[in-house]
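# Understanding the architecture of this molecule
Residues per chain, in single letters:
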Amino acid sequence: MTRIAVCPGSFDPVTNGHLDIIKRGAKVFDKMYICVLNNSSKQPLFTVEERIKLLQESTKELHNIEVESFSGLLMDYASQKNANAILRGLRAVSDFEYEMQITSMNRILNEEIETFFMMTNNQYSFLSSSIVKEAAKYHGEISELVPKPVELALKEKFKSPAH
Ligand code: PNS
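Residues numbered from 1 in each chain as written. Predicted model: local features only at pLDDT ≥ 70, side-chain atom pairs only at ≥ 80, totals over all residues. Heavy atoms only, no water.

### So, the packing of aromatic side chains
How two aromatic rings sit relative to each other is given by the distance of their centres and the angle of their planes. We apply this condition: Put simply, two rings from Phe, Tyr or Trp (the six-membered ring, in Trp's case) pair if the centres are within 6.5 Å, and we call them stacked under 30 degrees between planes, edge-to-face over 60, tilted for the rest. Secondary structure elements are taken from DSSP: a helix is a run of H or I of four residues or more, a strand is a run of E of two residues or more, and numbering for both begins at the N terminus. The rule is simple: take the accessible area with a 1.4 Å probe, protein chains only, and divide by the maximum for that residue type; under 20% is buried, over 50% is exposed, in between is partly exposed.
Under the defined criterion, the tally for this structure stands at three aromatic pairs. On the basis of an interplanar angle of 90° and a centroid distance of 6.4 Å, the ring pair of tyrosine 33 and tyrosine 77 is categorised as edge-to-face. With tyrosine 33 in strand S2 (residues 31-36) and tyrosine 77 in helix H3 (residues 74-80), this residue pair connects regions lying 44 residues apart in the sequence. Side by side, tyrosine 33 and tyrosine 77 carry an identical accessibility label, which is buried. On the numbers, 5.4 Å between centres and 50° between planes, the contact of phenylalanine 70 with tyrosine 77 is tilted. One aromatic cluster in this structure is built from Tyr33, Phe70 and Tyr77.

Here you go:
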């Protein structure tokens, strides 16, 4: 059986925490689709195209992954891709309730596709796209937290005093 997973998220933008999960997931699954989806409770900084490009640039060395976007339900995307798994990262207990809610909803939508969780490396347990954007907005040092293309893109976004 070919093990196909979807690793979904807003990825606004991708951080080293996401990359840790993506790299480890790519070792477990035969094929993994990284899917940029819309989270209706978030207002994105980067366009979907920018987020895809940053993910592609940051995962060049991984040969069994593809980066795409989808504007509907995650489970519809996953079944279109014949995926048997969803992969999500868990950082701390605070992630649990939200993840349990969307996983339960996703199971109602499609019970054939299992969701798997991977604990993020401790080093990144505090890290989120939001906290990185906050630091970058005020020109804080973020080079240890995000891949190089993201660091440059954030510097570009926040270079004008308009933000
Ligand atoms: O990185 P995030 O913001 O935690 O990712 C959340 C995301 C984008 C995976 C989630 O909001 C999602 O799956 N959105 C697509 C719509 C959907 O299928 N929602 C869940 C069931 S209602």
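### What to know about the UniProt feature "binding site: substrate" (unreviewed entry) in the protein
Our working definition: UniProt positions are given in the numbering used here, feature names are shortened, and annotations may be inferred rather than shown by experiment. In what follows, a contact means two residues having at least one pair of non-hydrogen atoms within 4.5 Å. Two N or O atoms count as a polar contact when they lie within 3.5 Å, although within protein this holds only if one can serve as hydrogen donor and the other as acceptor, and sequence-adjacent residues are included solely when both atoms are side-chain atoms.
Here the UniProt feature "binding site: substrate" (unreviewed entry) sits at Ser10, Lys42, Leu74 and Arg88. As for its position among the elements, leucine 74 is in helix H3. Under the relative-accessibility criterion, leucine 74 is labelled buried at 13%. The contacts of leucine 74, once residues within four sequence positions are left out, are Val6, Pro8, Leu37, Ile86 and Asn106. Along the chain, arginine 88 falls in strand S4 (residues 85-90). The class of arginine 88 is buried, set by a relative accessible area of 18%. Within the structure, arginine 88 has its side chain in polar contact with the backbone oxygen of proline 8 (distance 3.1 Å).

### Topic: the UniProt feature "site: Transition state stabilizer" (unreviewed entry) in the protein
Within this numbering scheme, the UniProt entry marks His18 as carrying the feature "site: Transition state stabilizer" (unreviewed entry). Looking at the element boundaries, histidine 18 is found in helix H1 (residues 16-28). For histidine 18, a relative accessible area of 25% corresponds to the partly exposed category. Residues in contact with histidine 18, not counting those within four places in the same chain, are Phe11, Pro13 and Ser129.

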